[in-house]
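Close look at the chain arrangement
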Amino acid sequence: DVKVTQSSRYLVKRTGEKVFLECVQDMDHENMFWYRQDPGLGLRLIYFSYDVKMKEKGDIPEGYSVSREKKERFSLILESASTNQTSMYLCASSLGTGRTDTQYFGPGTRLTVL
Amino acid sequence: KQEVTQIPAALSVPEGENLVLNCSFTDSAIYNLQWFRQDPGKGLTSLLLIQSSQREQTSGRLNASLDKSSGRSTLYIAASQPGDSATYLCAVRGSGYSTLTFGKGTMLLVSP
């Protein structure tokens, strides 16, 4: 079974702090994704990566950056956390680009910025 | 830009009922469509994936259909159970890319 793990289930940070959210997958997947999920807005794609050291902006990249130094690890970075970044953050991975390719999700990190 | 809409936003049914969840999308040039399940406070689990050339997929009590030309998909759940209570999300993938566009989900409650 594919396993996607996220470093924390719950996280509380202060405004202005630098925040790192880590995601690791164990199935040698090419693609990795970061989403945020908010009530009434659904899941929105922040960034994704097709390969090591490669990144692409999603729909809402402002205020975030990412790092993919190794194939299995994809990090989301909040350079200076703000209260409007309080949200549920979900990481996902997928094998490639085939027609039956599906995304596997981690359990999520609920981030609160005070 | 692709937009995905799910109706209804919430649904409450007694155990044993058959039910239908609806999903519509604005751009019919899709690669595939997926239905996911999300339990409260958890990640998403893929239920069914329908390729653009397919009309339906079945898994146990779940059946998903796709009408690409009209931009619609339905998820049919037969003989609902309390354990089916969750939020169900529809997502479409555009041609050539791996990114998904999600609907906002239907929150289902099945009462004993």
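Shown above is the structure to which this text applies.
Residues numbered from 1 in each chain as written. Chains lettered and ligands numbered in written order. Predicted model: local features only at pLDDT ≥ 70, side-chain atom pairs only at ≥ 80, totals over all residues. Heavy atoms only, no water.

With the rule as written, the count across this model stands at two disulfides over all chains. Disulfide pairing places Cys23 of chain A opposite Cys91 of chain A at an S-S distance of 1.8 Å. As the torsion about the S-S bond is roughly -75°, the Cys23 of chain A-Cys91 of chain A disulfide counts as left-handed. Of this pair, Cys23 of chain A sits in strand 3 (residues 19–25) while Cys91 of chain A sits in strand 9 (residues 87–94), and the two are 68 residues apart along the sequence. Classification of Cys23 of chain A as buried rests on a relative accessible area of 0%. A sulfur-sulfur separation of 2.0 Å characterises the disulfide bridge that pairs Cys23 of chain B with Cys90 of chain B. (Disulfide = S-S within 2.5 Å. Helix = DSSP H or I, 4+ residues; strand = E, 2+ residues; numbered from the N terminus. Buried < 20%, exposed > 50% of the residue type's maximum accessible area, 1.4 Å probe, protein only.)

What follows is about the pairing of strand 7 (residues 65–70) of chain A. Residues and elements named next belong to chain A. Here strand 7 runs beside strand 8 (residues 73–78); their pairing, made up of four bridges, is antiparallel. Bridge assignment links Val66 to a residue of strand 8, and that residue is Leu76. A loop of two residues connects strand 7 with strand 8, the two strands running antiparallel in sequence. (Pairing = 2+ DSSP bridges.)

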